[in-house]
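Here is how the chains run, residue by residue.
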Amino acid sequence: MSRRIGTLLVAVSGLSGTTYPVGTRVAIQGTGGSVDGFVDGDWLPLAWWEFADVRPEDTTG
């Protein structure tokens with residue numbers, strides 16, 4: 001399954017215990033009500049309301 005880029009809408013804690021603030025870019029994998037998010041290899045179990053997909057044209061720069 002391919003990954004896409006998202007941004008956090010709320011602060012979320014990763015498996016490492018690090019809390020990532022609103023606006024953090026995450027690699028998203030999966031679909032549906034919950035997905036896997038990753039920040040520098042740290043796993044974030046995300047619900048659909050915790051992130052928004054980033055349009056491909058917004059990922060450059």
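The coordinates are above.
Residues numbered from 1 in each chain as written. Predicted model: local features only at pLDDT ≥ 70, side-chain atom pairs only at ≥ 80, totals over all residues. Heavy atoms only, no water.

## Points about unusual backbone geometry
For step 1, the next point in the chain: Even without a glycine there, the phi angle at D40 is positive, about 50°.
For step 2, the next point in the chain: Residue placement: D40 occurs in the loop between β5 (34-39) and β6 (42-47). (Helix = DSSP H or I, 4+ residues; strand = E, 2+ residues; numbered from the N terminus.)

## So, the pairing of β6
For step 1, the next point in the chain: Of the strand pairs in this sheet, β5 and β6 are connected by six bridges, and their pairing is antiparallel. By the bridge assignment for β6, D36 is matched with P45.
For step 2, the next point in the chain: Linking two consecutive strands that pair antiparallel, namely β5 and β6, is a turn of two residues; a positive phi of about 50° is found at D40 within it. (Pairing = 2+ DSSP bridges.)

## Structural notes on the side chain of E50
For step 1, the next point in the chain: By the element assignment, E50 lies in the loop between β6 and β7 (51-53).
For step 2, the next point in the chain: Of the side chains with opposite charge, R4 comes closest to the buried, unpaired E50, at an N-O distance of 12 Å.
For step 3, the next point in the chain: Apart from residues no more than four positions distant in its own chain, E50 is found in contact with T7, L8, L9, V10, V12 and P45. (Buried < 20%, exposed > 50% of the residue type's maximum accessible area, 1.4 Å probe, protein only. Lys, Arg positive; Asp, Glu negative; His and termini not counted. Salt bridge = Lys/Arg side-chain N within 4 Å of Asp/Glu carboxyl O. Contact = heavy atoms within 4.5 Å.)

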